[in-house]
Amino acid sequence: MMKFIWKFVCLFAFLPLGALAQNVQLHYDFGRNLYADEEAGRQKVTVTLEQFKADQWGSWFYFVDVDFSRKFTEAAYTEISREMKLGRQSPFAAHVEYDGGLNKSGSFQQAALLGPAWNGHNADFSTTYSVQLLYKRYFKSYGYTSAYHSMQLTGLWSTSFLRKKLTFSGFIDCWRGEKANGHGQLVVLTEPQLWYNATEHLSIGTEVEISDNFVYNTSSDKTFFVNPTLGLKWNF
C-alpha cells in the first residue's frame, strides 16, 4: 500500500483551536494476490501513523507509512504539511508540504509542494472537503532520477452517516509525472476508505488504492491498478 500520500481521514482543519487528533492503522493489502506478476514485490502489510494539530495560525499534519513483507521492513514513507490561515473566517489557506522516505533500495524521490487550499464543510461538520492546487518540485535523488517541475491537483473528502457509525473518506491526486525518457505523463491516485466505527476508538474497514501510471511495473504495459485492503484503525 505504499502511496504518494494517504491523505486526511477527516479534514481536521475545521476543528477548534488547539485540537489534536491521532490514529494508527493496520492494513492487509491484497494487491499481490490480484496481480501476481505485475505486483509480485508489493508489500502485504502497512502500518500508518497519523497526527493533526491545530493552532492559532493554522494546522500541522503528518503521516508515516511503514510497509512490511514476510521477511523485511520494505519501506517507510512520510508526508508532512503545514497550512496557514488566510483570514480568520476565510475558507482559503496556504499549504506547504514535504514528501519523502526510504525503501530497501535507497529512498523515494523527494518532493516539496506549495499552493492554495480551499476548505469547506456542511452545517454540522459531518461532511468536510478540501481542494488544493499545488506547485510540486521533485528533487534529484540518484543518478537515474532528475529534478523537475510539476503541478498537483488534490481533492479530499470525509462524510459520516448512520449516526456516525460509518465514515466514507479519501483523496484523489492528479499530478504530472516524468517517464524515464523525460517525457511527462498524467499520474492519478485515489484512495477511498470506508470505516465502520465499532466504538469511539476502534474502526474496521477497507481502503481501495486506484491508480494509473503510479505503480512501478516492468513485467507488462499495464498502468491501471485497483488494490484493496482490509484495515483496522485505532483513534487515540
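Data block above holds the structure.
Summary of the structure given here. Here the structure is a predicted model, which is why all the values come from computation and not from measurement. (Residues numbered from 1 in each chain as written. Predicted model: local features only at pLDDT ≥ 70, side-chain atom pairs only at ≥ 80, totals over all residues. Heavy atoms only, no water.)

Take unusual backbone geometry next. Positive phi, normally seen in glycine, also occurs at Leu 162, with a value near 50°. Locating Leu 162 in the fold gives a position in the loop between β9 (148-161) and β10 (166-178). (Helix = DSSP H or I, 4+ residues; strand = E, 2+ residues; numbered from the N terminus.)

Let us look at the pattern of salt bridges. Within this structure, the stated rule accounts for six salt bridges. Here Arg 42 ties to Glu 39 by a salt bridge, and the two come within 3.3 Å at their closest N and O atoms. A relative accessible area of 9% places Arg 42 in the buried class. Under the relative-accessibility criterion, Glu 39 is labelled buried at 3%. When the shortest N-O distance is used, the salt bridge between Glu 178 and Arg 176 registers 3.6 Å. (Salt bridge = Lys/Arg side-chain N within 4 Å of Asp/Glu carboxyl O. Buried < 20%, exposed > 50% of the residue type's maximum accessible area, 1.4 Å probe, protein only.)

Quick look at the layout of surface pockets now. Considering only enclosed or pocket space, the largest pocket measures out at about 1,900 Å³ in volume. Taken together, 49 residues make up the lining of the largest pocket; nearest its centre are Phe 108, Phe 214, Val 215, Tyr 216 and Asn 217. Elements supplying a minimum of two residues to the lining of the largest pocket: β4 (73-85), β5 (92-103), β10 and β11 (184-190). Tallied by class, residues from the lining of the largest pocket come to 17 nonpolar, 18 polar and 14 charged. (1 Å grid on protein atoms, 1.4 Å probe; cavity = no way out; pocket = protein on both sides within 12 Å on 5 of 7 lines; lining within 4 Å. Points joined across faces, edges and corners; volume = space filled by probe spheres on them. Nonpolar A, V, L, I, M, F, W, Y, C, P; charged D, E, K, R; others polar.)

The tally for this structure, following the rule as stated, stands at eight aromatic pairs. Here Tyr 28 and Phe 30 contribute two aromatic rings whose centre-to-centre distance is 5.1 Å and whose plane-to-plane angle is 75°, an arrangement assigned as edge-to-face. For Tyr 28, a relative accessible area of 33% puts it in the partly exposed group. Note on Phe 30: relative accessible area 32%, which makes it partly exposed. On the numbers, 4.7 Å between centres and 25° between planes, the contact of Tyr 138 with Tyr 148 is stacked. Placement of the pair is Tyr 138 in strand β8 (residues 127-138) and Tyr 148 in strand β9, with a sequence separation of 10 residues. Take Tyr 138: its relative accessible area is 6%, and that puts it in the buried class. Since its relative accessible area comes to 9%, Tyr 148 is described here as buried. Members of the aromatic cluster, connected to one another through ring pairs, are Phe 63, Tyr 77 and Phe 108. Sitting over the ring of Trp 175, Lys 136 keeps its end group 4.3 Å from the ring centre. In this arrangement the basic side chain of Lys 222 is found over the ring face of Phe 225, its NZ or CZ atom lying 5.2 Å from the centre. (Phe/Tyr/Trp six-rings, centres within 6.5 Å; stacked < 30°, edge-to-face > 60°. Lys NZ or Arg CZ within 6 Å of the ring centre and 35° of its normal.)

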